Amino acid sequence: MFTQYFYPILLLIIANVFMTFAWYGHLKLQDMGFLTNNTPLYIVVLISWGLALIEYFFQVPANRMGFVGNGGVYSLMQLKIIQEVITLVVFVLFTTLLFKGESLHWNHFVAFGLLIAAVYFCFLK
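Residues numbered from 1 in each chain as written. Predicted model: local features only at pLDDT ≥ 70, side-chain atom pairs only at ≥ 80, totals over all residues. Heavy atoms only, no water.

Looking at this structure, I do not really get the pattern of salt bridges. What am I missing?
It is possible for side chains bearing opposite charge to pair when their charged atoms get close. Tallying each qualifying case throughout the model produces two salt bridges. Residue Glu 84 is joined to Lys 80 by a salt bridge in which the shortest nitrogen-to-oxygen separation is 2.8 Å. With Glu 84 and Lys 80 both in helix α3 (residues 76-98), this residue pair falls four residues apart, about one helical turn. Accessibility expressed as a relative area gives 32% for Glu 84, which makes it partly exposed. (Salt bridge = Lys/Arg side-chain N within 4 Å of Asp/Glu carboxyl O. Helix = DSSP H or I, 4+ residues; strand = E, 2+ residues; numbered from the N terminus. Buried < 20%, exposed > 50% of the residue type's maximum accessible area, 1.4 Å probe, protein only.)

This is the structure:
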């Protein structure tokens, strides 16, 4: 029973780590010198697509096994809200740990609180 709840969330977390790197990792690679401002955009896009493909190998199974219509425990709305919260948590960790000068402010915490409220209301019967 525990795995029905936990496994889809674990897969969503892994998927979102890859997706965050697909969307924003090239900026860190540029900062580290692996890519430059002169790196052709199509190269950056291909790198991002490769990471996004890996993300799909986790995201799609998470949604399939988590969806109540496939024997899971979550509705589509619940899966989407969970995924959005995970996306923002992963993004905040990624940004604050890897990018200097990015920090959290009071309004970010208020926004996170509202997201937690969204999860709560989404799970109400």
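Resuming the write-up.
Help me understand the side chain of Lys 28 in this model?
The residue Lys 28 is located in helix α1 (residues 2-32) in this model. The exposure class assigned to Lys 28 is buried, which follows from its relative accessible area of 16%. Excluding its chain neighbours within four sequence positions, the residues that come into contact with Lys 28 are Leu 98 and Phe 99. (Contact = heavy atoms within 4.5 Å.)

Honestly, the packing of α3 against helix α4 (residues 106-123) in this entry has me stumped. Any pointers?
Axis angle and axis distance: for two packed helices, these are the angle between their axes and the distance between the axes, and together they describe the pair. Between α3 and α4, the shortest axis-to-axis distance is 9 Å and the interhelical angle comes to 160°. With respect to each other, α3 and α4 are oriented roughly antiparallel. Seen from above, α3 lies across α4 with left-handed handedness. Counted together, Met 77, Gln 78, Ile 81, Ile 82, Val 85, Leu 88 and Val 92 of α3 and Phe 112, Leu 115, Ala 118, Val 119, Cys 122 and Phe 123 of α4 form the full contact between these two elements. Of the residues belonging to the contact of α3 with α4, the class tally is twelve nonpolar, one polar and no charged. (Axes fitted to C-alpha atoms, helices over the stretch in contact; angles between N-to-C directions. Parallel < 35°, antiparallel > 145°, perpendicular 65-115°, else oblique. Left-handed = near helix turned anticlockwise from the far one by under 90°. Nonpolar A, V, L, I, M, F, W, Y, C, P; charged D, E, K, R; others polar.)

When you look at the packing of aromatic side chains in this model, what are you seeing that I'm missing?
The description of an aromatic ring pair rests on the distance of the ring centres and on the angle between the ring planes. One pass over the structure, following the stated rule, counts eight aromatic pairs. Between Tyr 24 and Phe 91, the ring centres sit 5.0 Å apart and the planes meet at 55°, which makes this aromatic pair tilted. Taken together, the residues span a long stretch of sequence, with Tyr 24 in helix α1 and Phe 91 in helix α3 at a distance of 67 residues. On the basis of relative accessible area, Phe 91 is assigned to the partly exposed category, the value being 28%. Ring plane angle 90° and centroid distance 6.2 Å describe the contact between Tyr 74 and Phe 123, whose orientation is recorded as edge-to-face. Taken as a pair, Tyr 74 in the loop between α2 (41-66) and α3 and Phe 123 in helix α4 lie far apart in primary sequence, 49 residues in all. Residue classification places Tyr 74 among the buried residues on the basis of a relative accessible area of 5%. For Phe 123, a relative accessible area of 31% gives the class partly exposed. Three or more aromatic residues link up through ring pairs in this structure, and these residues are Tyr 5, Tyr 74 and Phe 123. The ring of Phe 99 has Lys 28 lying over it, and the distance from NZ or CZ to the ring centre is 5.8 Å. (Phe/Tyr/Trp six-rings, centres within 6.5 Å; stacked < 30°, edge-to-face > 60°. Lys NZ or Arg CZ within 6 Å of the ring centre and 35° of its normal.)

These figures capture arrangement, not role.
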